[in-house]
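# Survey of secondary and tertiary structure
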Amino acid sequence: MIVAIDGPAGSGKSTVARALSQRLNLVFLDTGAMYRSVSVVCLEKGISLDDTEAIIKEAREIQITFGNSPEGQTVFANGHNVTQAIRTPEIDACVSRVAAIPEVREAMVVLQRRAGEAGDVVAEGRDIGTVVFPKAEVKVFLTADPEARAHRRAVQREGKDTATNASATADAAEEKKILEDIKARDEADSSRKVAPLKPAPDAHHIDSSHMTLNEVVDAVVALHPGLQERDRHAPRASRHQSTHETKTSSSDDSESHRSADQKRKGTREKKSGDKKLKAFRGNSCDDYFDTGLLNFPLPAKIFLRIAIFVLMVVTKLWFRWSIANASLLKDDRRPRVIIMNHPSMFDPVMMVAYLMWHHIPVRTIYKSEFDKNPLVKWLFSRVGAIPVERGKADMKAIRRSVAAIGRGECLLIFPEGTRIRDNHIRPEIHGGFALIAQLAGCDVQPAAIFGALDIKRANSPVIRPVKIWGLAGERISFADLQATKRKDQAREMEELGMDRVYELRDQLMREHPGRN
Ligand SMILES: Nc1ncnc2c1ncn2[C@@H]1O[C@H](COP(=O)(O)OP(=O)(O)O)[C@@H](O)[C@H]1O
Ligand SMILES: Nc1ccn([C@@H]2O[C@H](COP(=O)(O)OP(=O)(O)O)[C@@H](O)[C@H]2O)c(=O)n1
């Protein structure tokens, strides 16, 4: 199911799309933020707006990912947080020029369609129903009087919100200026040669000038039986609540080519992350796999914190483990894929306990064979792990993983696939981690553990109190790779990532001779 929402600045596209994504559990794709991200990267590299070739190159290479924070949507470009940077007047002023370059649009459309492949999406922008998803099941052309839009934007700029406070007012002079800005940008976006702002022939027109946000969202839901069906199955709490939770004060916009505002949610953003699970409602393991750790029900959260506490205390006492270069793990909290060697069952315990102890949400990928034991599946789902079927492209696991990163969670993956009880061999690697990072637009961070092979002697059930060491490595960004084609980049990331993991492990091995 794809919902395409197009329309001019300030018509409510991002607010409606966000509300809809939360209410119906859809991925929210903010395409305006993508053009803005390209603009930021170009600006930061000092690329002139006349240097079309260089801009195109950046657009083709950019990695964009969206996440969530308590303040709202976060946007990362090439691994850097550009959430604020994309909303500056400088970007307002240049984004439409960047967005008018056909090759830039081509590159963005590829990314947008790829995000659409993940499944249920609500995308908003200027050309979604006409170019990006011409076969979208639901197309909306959302408009409002220029005056209403200017008023909303002016109020928004003062940190208030017309959606939640209909009588909010703004500085009249400022509102007048914004009205001019909005009209100018409407004209620029509608008259450009490539993918101009215009309704798709089969789009439903909704004029939101005199509608509340909830009314608009209800009107969109009413357009398609598939949406109504989803709505019936959505948890009741998310139905009307979501529209009010949606908007925060918009930091942004201004200037002629702006408007925008915090749309949020994005590309590979979470599927069901915003849906809060209710306590004692018979949530399935799948619900836990699909829901952000922050939205676990309170009893599950308490269980998790207690488990982390107990694991930290017990394992620290028993194994006296420590992680070198730990600041690389705990100080930079951006979502990423963490990869590690896997000599023992203790490896995920150490890494997850450490990260969660420092309030960094992390989800471990585990082999689905464990699910044969319902108790283990229950437990793993409650500690935020995600199952993967090895030996095939498990799209569900990939989607869940990308969604988790989109929510701002880290992913812990053991590319060796199973425990490797030998520090001297290099087993076949499951390269899915690079694909996930690529789809999610995040970095890969290598880490290693050493000493864990000594925990148990062969054929002995005794867990020995041996010391164990961890070592964190620097993140690897796709932007730093040599390869330019996506497939080659994924392959390069697989190799480089695991090279780094083994370098780290070998370093620990050298530092602690006589141990395994
Ligand atoms: N139907 C509505 N009634 C009142 N205010 C609205 C409505 N829809 C959106 N808004 C508010 O208008 C402002 C601009 O909406 P936004 O979604 O950012 O527009 P767009 O993405 O189309 O530029 C936001 O503050 C939003 O909360
Ligand atoms: N699908 C899209 C989305 C945005 N854009 C461009 O990117 C600019 C910023 O988009 P935005 O969605 O962040 O802006 P607003 O609609 O919030 O004003 C727009 O003014 C368009 O020029 C586009 O060309 N195509």
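Described in the following lines is the structure provided in the data block. Treat the numbers as computed from the prediction; the structure is a model and nothing was measured.

## Some remarks on the environment of Phe478
- Along the chain, Phe478 falls in the loop between β15 (469-472) and α19 (486-511).
- Once the C-alpha coordinates of Phe478 and Val444 are considered, the two residues, 34 residues apart in sequence, prove to be 8.4 Å apart.
- Leave out the neighbours within four places in its chain, and Phe478 touches Gln63, Ala434, Ala437, Gln438, Cys442, Gln489, Ala490 and Met493.

## Some words on empty space enclosed by the protein
- Under the defined criterion, the tally for this structure stands at five cavities of 30 Å³ or more.
- Each pocket or cavity is described by its volume, and for the second largest cavity that value is around 50 Å³.
- Thr65, Phe76, Gly79, Arg334, Pro335, Gly441, Cys442, Asp443 and Arg475 are the residues that line the second largest cavity.
- Of the residues in the lining of the second largest cavity, the class split is three nonpolar, three polar and three charged.

## Comments concerning the layout of surface pockets
- Considering only enclosed or pocket space, the second largest pocket measures out at about 1,000 Å³ in volume.
- Lining the second largest pocket are 42 residues, with Thr364, Ile365, Tyr366, Lys367 and Phe414 sitting closest to its centre.
- Only α13 (298-319), α15 (346-357), β11 (362-367), α16 (374-382), α17 (395-406) and α18 (432-440) provide two or more residues apiece to the lining of the second largest pocket.
- When residues of the lining of the second largest pocket are assigned to their parent elements, the largest contribution, five residues, is made by α13.
- The residue inventory of the lining of the second largest pocket, partitioned by class, reads 26 nonpolar, ten polar and six charged.

## Focus: the site of ligand 1
- Close contacts around ligand 1 come from 21 residues, with Gly10, Ser14, Thr15, Asp161 and Thr162 the closest.
- Taking Ser14, its side chain carries an N or O atom lying 2.8 Å from an oxygen atom of ligand 1.
- Residue Asp161 places a side-chain N or O atom 2.7 Å away from an oxygen atom belonging to ligand 1.
- Burial of ligand 1 by the protein amounts to 97% of the accessible area it has alone, namely 560 Å².
- For the shell around ligand 1, the secondary structure elements donating two or more residues are α1 (13-24), α7 (146-157) and α9 (213-221).
- Among the residues making up the shell around ligand 1, the classes are represented as six nonpolar, eight polar and seven charged.

The rules behind these values
- Residues numbered from 1 in each chain as written.
- Chains lettered and ligands numbered in written order.
- Predicted model: local features only at pLDDT ≥ 70, side-chain atom pairs only at ≥ 80, totals over all residues.
- Heavy atoms only, no water.
- Helix = DSSP H or I, 4+ residues; strand = E, 2+ residues; numbered from the N terminus.
- Contact = heavy atoms within 4.5 Å.
- 1 Å grid on protein atoms, 1.4 Å probe; cavity = no way out; pocket = protein on both sides within 12 Å on 5 of 7 lines; lining within 4 Å.
- Points joined across faces, edges and corners; volume = space filled by probe spheres on them.
- Nonpolar A, V, L, I, M, F, W, Y, C, P; charged D, E, K, R; others polar.
- Near = heavy atom within 4 Å.
- Polar contact = N/O pair within 3.5 Å; in protein donor to acceptor, adjacent residues only side chain to side chain.
- Areas by Shrake-Rupley, 256 points an atom, 1.4 Å probe, with all protein chains shown as cover.

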